[in-house]
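Topology and contacts: notes
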Amino acid sequence: RASVITARRDGRLAAVVIVHPCHGTVLGPNNLAVSGDLIGAGVEALEAGTGATGRCAWAQGAAGDISTRSSRRERSPREAERLGLIVATAAERAVGRAEPVPGEPSLELQRAVVSLPLKGPAQLAPYPGAPPPSRDEDDRSEAALREEAMVAQRARQDGTRPPEIEAEITVLRLGELSLCFVPGEPFESIERGIVARARQKNLRVVGYSNGAPGYVFGPDEEHEGGYEVMSSPLTGEAGARIVATGSRLAALQV
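The structure contained in this document is the topic of the report that follows. Given the structure is predicted, the values throughout are model-derived calculations rather than measurements.

Right, let's get into the layout of surface pockets. In this model, the largest pocket occupies a volume close to 920 Å³. Around the largest pocket sit 29 residues that line it, and Val4, Ile5, Glu99, Val101 and Leu177 are the ones nearest its centre. Broken down by element, the lining of the largest pocket gets its largest block of residues, 6 residues, from strand β1 (residues 3–9). For the lining of the largest pocket, the class distribution of residues is 16 nonpolar, 6 polar and 7 charged.

Written as structure tokens, this is what we have:
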């Protein structure tokens, strides 16, 4: 589900921001080309379709557990362009349906620092000791993902990847439209929790901002496990605190 924010001047489209909840990666780790990947291709297509050249931007939504893995046909620039065009076409249709945000024009910013609990040794999965075998970059099997997660856990245990323990939550208000910026790679449930608790109709969550502590999920996802949960240094409580802080800031009346 993508959202579109537009700005108009004298009735004409002045700028477009798309908030899209999906990992922006189509190309694989062996790619050596300079590329904007899915995001770059999507912005270029959106600029071409709307005529807002140089005035379109892409904000990464809550995409921690959403990727192109199930929809991409190959890992190539051509495939990035194909998927980028699909997103841009949907965004262009949304631009035509955009409704004015009520309220007087204003710009307000709220910030708060939240402590993010980290996993203790007892919460880390056992590491097999031997380095994982070399696998093809397109191998996203359960075994390959588990090996990647274990490598990340070993790096934390060795102290080679110092985890962040604090992060900033920011809410930007544009009239009655609000954007909540959260750190790391939040799961979709983090956005749902913030929006539901804040009870703000025109609220969107933007991830990958204010620091990179890892995947952010709630207690339910932590119980379910999986690659993202294993590879993250955070606990499910970290996600719960981000939801509580983000929704509180979004609900504040300034």
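What follows picks up the thread again.
Right, let's talk about the packing of aromatic side chains for a bit. Summed over the entire model, instances satisfying the criterion amount to 2 aromatic pairs. Measuring from centroid to centroid gives 6.2 Å for tyrosine 215 and tyrosine 227, while their planes differ by 70°, and the two rings are edge-to-face. Taken together, the positions of tyrosine 215 in strand β9 (residues 215–216) and tyrosine 227 in helix α6 (residues 227–231) put the pair 12 residues apart, joining distant regions of the chain. Per residue, the accessibility class of tyrosine 215 equals that of tyrosine 227, and both read buried.

Rules used throughout
- Residues numbered from 1 in each chain as written.
- Predicted model: local features only at pLDDT ≥ 70, side-chain atom pairs only at ≥ 80, totals over all residues.
- Heavy atoms only, no water.
- 1 Å grid on protein atoms, 1.4 Å probe; cavity = no way out; pocket = protein on both sides within 12 Å on 5 of 7 lines; lining within 4 Å.
- Points joined across faces, edges and corners; volume = space filled by probe spheres on them.
- Helix = DSSP H or I, 4+ residues; strand = E, 2+ residues; numbered from the N terminus.
- Nonpolar A, V, L, I, M, F, W, Y, C, P; charged D, E, K, R; others polar.
- Phe/Tyr/Trp six-rings, centres within 6.5 Å; stacked < 30°, edge-to-face > 60°.
- Buried < 20%, exposed > 50% of the residue type's maximum accessible area, 1.4 Å probe, protein only.

Shape descriptors only; they carry no functional weight alone.
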